[in-house]
Amino acid sequence: MNHVSIFVLDQDSAYEFYVNKLGFKVNTDAAMGPGMRWLTVCPPEQPELEISLMAINEGMMFSHGSALQMRDLVSKGTFGFGVFECNDLLATYEELKAKGVVFKKEPTKEFYGFEALFKDDSGNWFSLGEKEK
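Residues numbered from 1 in each chain as written. Predicted model: local features only at pLDDT ≥ 70, side-chain atom pairs only at ≥ 80, totals over all residues. Heavy atoms only, no water.

### Topic: the nonpolar core
Here is step 1: Ranked by internal contacts, the top residues of the largest apolar core, which has 24 residues, are Tyr 18, Leu 22, Leu 53, Phe 103, Phe 118 and Leu 128.
Here is step 2: Going through the elements one at a time, strand E1 (3-8), helix H1 (11-21), strand E3 (37-42), strand E4 (50-55), strand E5 (81-86), helix H3 (89-98), strand E7 (113-119) and strand E8 (125-130) are the ones with two or more residues in this core.
Here is step 3: Considering every element that reaches this core, the biggest residue donor is H1, with four residues.
Here is step 4: Ignoring any residue separated from it by four or fewer positions in sequence, one finds Phe 103 in contact with Tyr 93, Leu 96, Lys 97, Ala 116, Leu 117, Phe 118 and Leu 128.
Here is step 5: Of all hydrophobic cores here, the second largest spans seven residues; its members include Phe 7, Met 54, Phe 62 and Val 74. (Core = buried A, V, L, I, M, F, W, Y, C linked by side-chain atoms within 4.5 Å. Buried < 20%, exposed > 50% of the residue type's maximum accessible area, 1.4 Å probe, protein only. Helix = DSSP H or I, 4+ residues; strand = E, 2+ residues; numbered from the N terminus. Contact = heavy atoms within 4.5 Å.)

### Re the side chain of Thr 40
Here is step 1: Structurally, the position occupied by Thr 40 is in strand E3.
Here is step 2: Relative accessible area serves as the criterion here: at 0%, Thr 40 is assigned to the buried category.
Here is step 3: Of note is the side chain of Thr 40, whose polar atom sits 2.7 Å from the side chain of Glu 50. (Polar contact = N/O pair within 3.5 Å; in protein donor to acceptor, adjacent residues only side chain to side chain.)

### Remarks on the sheet that holds E8
Here is step 1: With respect to topology, four strands assemble into an open sheet ordered E5-E8-E7-E6, the strand pairing being mixed. The sheet is open, and its two edges are formed by E5 and strand E6 (102-110), each paired on a single side. The mean angle between the axes of side-by-side strands here comes to 20°, regardless of whether they run parallel or antiparallel.
Here is step 2: Pairing of E6 with E7, which is carried by six bridges, proceeds in the antiparallel orientation. (Pairing = 2+ DSSP bridges. Axes fitted to C-alpha atoms, helices over the stretch in contact; angles between N-to-C directions.)

### Focus on the sheet that holds strand E2 (residues 25-31)
Here is step 1: Ordered in space as E1-E4-E3-E2, the four strands form an open sheet in which the pairing is mixed. In the strand order of this sheet, the two ends are held by E1 and E2, each with one partner. The sheet shows a mean angle of 25° between the axes of neighbouring strands, direction not considered.
Here is step 2: Judged from the six bridges that link them, E1 and E4 form a sheet pairing that is parallel. Bridging across to E4, Ser 5 finds its partner in Ser 52.
Here is step 3: Across the sheet, H1 lies against E1, E2, E3 and E4, angled at about 10° from E3, the strand it touches most.

Following this line, the structure appears as structure tokens:
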């Protein structure tokens, strides 16, 4: 897989979060017609993985009703989830926290590894884990 989507409430705000807070790089930022935008980012160490920051708008993918339902699910933090890895969880946690990233769980040793949980600006939540050494 080389592309994956994260549904976001606002692409400008998602750009700010993923690029300026998480440090991702922009691969594509292009207008796709009236009110449509193709915005992809990637972790700097994984340029082959493009993450599409997909706006939840009525149109090709969503009817009016399904867009409303999807926006509600995402904003409540009940839809999106992913896992990111870093080399030093404590240092990355402090760096992201200083940039305004909201953590749901501080770095904690679990039976499956060392992780912290955070939310993006839309409500999607993610696990941030430390790579095994």
